[in-house]
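Okay, here's what each chain looks like letter by letter:
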Amino acid sequence: MTSQDHIVLAADGLSKRFGGNTVVDRLSISFVNGRLHSILGPNGAGKTTLFNLLTKDISPDGGTIRLDGSDVTRLSPDRIARRGVARSYQISSVYLDMSVRDNIWVAAYRAHGGNPLVFWRKAGGYSEARALADACLERLDLTCFADTATKELSYGDQRLLEIAVTLAAAPRIILLDEPTAGLSRKETERVKQVIATLKGAFSIIMIEHNMGVVMDISDEITVMNRGTVLAHGGPDDIRGNKSVQEAYFGS
Amino acid sequence: MPKGGALAAADIVRAAAMVAAVAALPLVIPVNIATEVLIYGIFAMATNLLVGTAGLYSFGQAAFFGAGGYVAGYFLAQGFVSLPLALLLAGAGGGVLAALIGALSIRRTGIYFMMLTFAFNQLVFYVIYSWQSVTGGEDGLAGIRRGTIELPFLGTLKFDDNRAFYALAAVLFLVSMAILIRMTRSPFGLVLDAARQNARRTTSLGYSVHALQLAAFVIAGVISGIAGALFGMLYRIMPIDAVHWTGSAYVVFMVLIGGQRSMLGPVLGAAIFIWLQGLFSLVWTRWPLLLGLFVIVVMIYLPGGLLDLFARVSAWRSRLREQRR
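Now for a quick tour of the structure. None of the values given here were measured: they were computed from a predicted structure.

## A closer look at the overall build of chain A
- Secondary structure assignment for chain A yields 9 helices and 10 strands.
- Projected onto its principal axes, the C-alpha positions of chain A cover 55 × 40 × 40 Å.
- Taken across its 251 residues, chain A has 52% of its residues classed as buried.
- Across chain A, the fraction of contacts at a sequence separation of at least 24, relative to all contacts at a separation of at least 6, is 65%.
- Accessible surface for chain A amounts to roughly 10900 Å². Of this, 47% is attributable to carbon and sulfur atoms.
- If you average the places of the 29 positive and of the 29 negative side-chain charges in chain A, the two averages end up 4 Å apart.

## Things to note about a nonpolar patch on the surface
Residue and element names in this part refer to chain B.
- Together, W275, L279, L282, V283, W284 and L289 line one region of the surface with nonpolar side chains, adding up to about 700 Å² of accessible area.
- The greatest single-element share of the nonpolar patch, amounting to 4 residues, is contributed by helix α12 (residues 264-283).
- When you line up the elements, V283 lands in helix α12.
- The exposed category is assigned to V283, whose relative accessible area is 62%.

## Thoughts on the pairing of strand β3 (residues 155-158) of chain B
All names here are of chain B.
- Note: strand β2 (residues 148-151) against β3, 4 bridges, orientation antiparallel. The residue of β3 that forms the bridge with L151 is G155.
- Remark: 3 residues form the turn of the hairpin made by β2 and β3, two consecutive strands paired antiparallel; F153 in that turn has positive phi of roughly 70°.

## Side note on the packing of helix α3 (residues 100-111) of chain A against helix α8 (residues 187-197) of chain B
- Close contact between α3(A) and α8(B) brings their axes to 11 Å; oriented N to C, the two are set at 110°. One element, α3(A), and the other, α8(B), form an angle in the roughly perpendicular class. You can see that α3(A) and α8(B) cross each other, and the crossing is left-handed. For the pair formed by α3(A) and α8(B), the contact residues are A:D102, A:W105, A:V106 and A:Y109 on the first element and B:P187, B:L190 and B:A194 on the second.

## Considering the nonpolar core
- Among the nonpolar cores identified, the biggest contains 135 residues, and A:I104, B:F65, B:F173 and B:M233 are the most heavily contacted of them.
- For this core, the leading source of residues is helix α2 (residues 31-54) of chain B, giving 14 residues.
- The residues touching A:I104, leaving out its near neighbours within four places in the chain, are A:A133, A:C136, A:L137, A:L161, A:A164, A:V165 and A:A168.

## Focus on the side chain of B:E36
Residues and elements named next belong to chain B.
- Tracing the backbone through its elements, the reader meets E36 in helix α2.
- Only 2.5 Å separates the side chain of E36 from the side chain of Y235, close enough to count as a polar contact.
- If we ignore the near neighbours within four places in the chain, the residues touching E36 are F231, L234, Y235 and I274.

## Structural notes on α12(B)
All names here are of chain B.
- For α12, which comprises 20 residues, the first-to-last C-alpha distance of 29 Å matches the rise-based estimate of 28 Å (1.5 Å per residue) to within 8%.
- Taken together, the buried positions of α12 are G265, P266, V267, G269, A270, F273, I274, L276 and F280.
- Buried positions along α12 lie against α2, α7 (162-184), α11 (245-258), α13 (287-301) and α14 (306-324).

## Thoughts on the packing of aromatic side chains
- Summed over the entire model, instances satisfying the criterion amount to 19 aromatic pairs over all chains.
- Ring geometry for B:Y250 and B:F273: centres 5.0 Å apart, planes at 50°, overall tilted. Taken together, the residues span a long stretch of sequence, with B:Y250 in helix α11 and B:F273 in helix α12 at a distance of 23 residues.
- The structure contains a cluster of three or more aromatic residues connected by ring pairs, namely B:Y40, B:F43, B:F65, B:F231 and B:Y235.
- Taking NZ or CZ as reference, B:R146 lies 4.5 Å from the ring centre of B:F165, over its face.
- A cation over a ring is seen here: B:R182 above A:W120, with NZ or CZ 5.0 Å from the ring centre.

## Looking at the pattern of salt bridges
- A complete count under the given rule lists 23 salt bridges over all chains for this structure.
- Note that A:D57 and A:R87 form a salt bridge whose closest N and O atoms lie 3.5 Å from each other. Here A:D57 is found in the loop between α1 (47-54) and β4 (62-67), whereas its partner A:R87 is found in strand β6 (residues 85-87), with 30 residues between them in sequence.
- With a closest N to O distance of 3.9 Å, B:R196 and A:D97 form a salt bridge. One end of the pair, B:R196, is in helix α8; the other, A:D97, is in the loop between β6 and α3, on a second chain.

## Some details on the sheet that holds strand β5 (residues 70-71) of chain A
All names here are of chain A.
- Taken in spatial order, the 4 strands of this open sheet run β2-β1-β4-β5, and their pairing is antiparallel. If you trace the sheet from one side to the other, it starts and ends with β2 (21-32) and β5, each paired once.
- Judged from the 5 bridges that link them, strand β1 (residues 7-18) and β4 form a sheet pairing that is antiparallel. Paired with A10 across the strands is R66, a residue of β4.

Thresholds, definitions, all that
- Residues numbered from 1 in each chain as written.
- Chains lettered and ligands numbered in written order.
- Predicted model: local features only at pLDDT ≥ 70, side-chain atom pairs only at ≥ 80, totals over all residues.
- Heavy atoms only, no water.
- Helix = DSSP H or I, 4+ residues; strand = E, 2+ residues; numbered from the N terminus.
- Buried < 20%, exposed > 50% of the residue type's maximum accessible area, 1.4 Å probe, protein only.
- Contact = heavy atoms within 4.5 Å.
- Areas by Shrake-Rupley, 256 points an atom, 1.4 Å probe, with all protein chains shown as cover.
- Lys, Arg positive; Asp, Glu negative; His and termini not counted.
- Charge placed at Lys NZ, Arg CZ, Asp CG, Glu CD.
- Patch = residues over 30% accessible without salt bridge, like charges linked within 9 Å, V, L, I, M, F, W, Y side chains within 5 Å.
- Salt bridge = Lys/Arg side-chain N within 4 Å of Asp/Glu carboxyl O.
- Pairing = 2+ DSSP bridges.
- Axes fitted to C-alpha atoms, helices over the stretch in contact; angles between N-to-C directions.
- Parallel < 35°, antiparallel > 145°, perpendicular 65-115°, else oblique.
- Left-handed = near helix turned anticlockwise from the far one by under 90°.
- Core = buried A, V, L, I, M, F, W, Y, C linked by side-chain atoms within 4.5 Å.
- Polar contact = N/O pair within 3.5 Å; in protein donor to acceptor, adjacent residues only side chain to side chain.
- Expected span 1.5 Å × (residues − 1).
- Phe/Tyr/Trp six-rings, centres within 6.5 Å; stacked < 30°, edge-to-face > 60°.
- Lys NZ or Arg CZ within 6 Å of the ring centre and 35° of its normal.

So, in C-alpha cells, the structure goes:
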C-alpha cells in the first residue's frame, strides 16, 4: 500500500454487544479508495453487524468510525447515506408494492439532492433522477421489467434490483451484503460481472460466501471470526493461510 | 407524451364524476347527513395519509379533530364571525397539537406508536373534559355559530341555510381530496410509501424517515382540525364524544372498510359507516355491536376494503365476458 492510497472508510476499536454476547470485538479495519475489499467469515462472525455499524443502522458500544478522515461515529444513518455510502441487504429489501422503476427512482431522486418535502409535483419526473434510474436498470439488465410490479419479479431479479437500487443512490462507497445469496449459477455469474465492472469507479466492501466470486474479483480480503479480524491480505495470501483454513473451511 | 395526456384525461373524468357525486348526494339523503358524510370523509382521507400511505396506525386522530372543533368553536361562540379565520385557527390547532404529539410518538413503531397516540388522545380528552369554563366539559361546547365569509363585490356569504353549509363542506371536501391525492403521488407520498414498506431501506437511501413521517402527521392533524371545525358548526355544538378515543377508532375503521389504496376508499368507508350507524341505531339500542360485527366481517373477507370488492367484481365480469367469447 503506497501513501497515495487514500483510506475512505475506517473503523478503529469498534465493539458491539447484544446482551452478554460480544458480536464485534474491538475490531479495526480500513478500506482503501477504489478497491474491492471482501469480508469472509463463518456464520456468526459479525460480518453483517460490522456493516450495520459502518452504516450506523445500529450504534456501536465502543470505537470510532471515520469517513474520509472525519469522525462519523455519532451521525444518523441517513446522513451517512448522504455522504456517499450505500448498501444492499442480505435479505431483499426492495419495495414489493411498487413498480421496479419507482424502486430505483426513490434512490435516484435522493442521490440528485431531491427534496422529499415536495408535495405538489409528480413523483417519477425530474429528468436527472430518471436518467440515473434508467441507467441503473440498464446496467443490471432490468429495463424490460421497468413497469412490472416488484412482487412479481423472480427472487433472482429482486436481488439484481437490490443492487440496482444501491447503485442508483450514486454512492462512492458500496457495501454489498451477500449479493449472490440464493442466486442460480447463471445469475451469480451475472452479478459477478456487474460487480467487476464497478471496480475502480467505486470503493466496494462485500460480504460473500461464494469463494469463486470472492477469489476472482477481490483486491483485498479480510477474514473475520468471532467479531475480530483473523487474517487480512490478497486472495493468494488468504488461500494459503492456515488459521483461515481451520476457522473457515473447517480442517 | 401521449401516455401522460391519456392519464390526465382519466383524471379529469374521475374528478368530474366526483364533483357530480358530491352535488347529487344531498338529493339522495338528508342534507345534514350528507354534510356529515363529507366531514368524516375529509377526516378519513387525512387519516388515510397516515394509515394507507405512511403505514402509521394512529389511534389518536380524534384529538386533532376535536382540537380543531373546539378552537374554532370557542372562537365562533365568543361572537367572532370570520369563517376563514376560524378554519385557519382550527387547522393551526390540529397541526400544533399533532406536531407535539407526533414529535413524542413518531420514533416508536407498531404497537408502541398505536398505544402512545391512544394515550395522548385520552389525555386531550380529559383536559377538555376538565376545563369546563372554556370547553363546556361533558355538556360539550354549545353556542357555536357558523361564521361568514366576506367577499369583495359579492358581499357576505352566510351559511345558516343547511344547503349553503353543505356547499361549503363540499368545496372543502373536494379541495382536501385534490390536495391529498396529489400529495400521495408526489415525491413526498412515494417516499412515505417506501418508508411504510421498509423504513430501514429508505433511511439507507438518505431519507430522514422520522422527519417525513412527522410532516405527514402534522398535515393529517391540520386537515383533521378543519374537519372538526366543520363538525362543530354543522350541529352548532362540539360534543365531548367527538374527542373520545372511540372517534379515533371509528375513523380508522372507515379507512379499513373503504380501502387504503386510494383516497376514494376512506370516503366510501365514511359514507357506509355513517349510514350503518344511523340504520343500526334505529333497529337496536346495542347498535355498536352490529357495527363491530360488520367491521369484523369486512376485515376478514375484504382485507383491501370495499375498493377490493369493486376490483374483484370487475375482474369477475371481465372473466365472464371472455368466457362468452
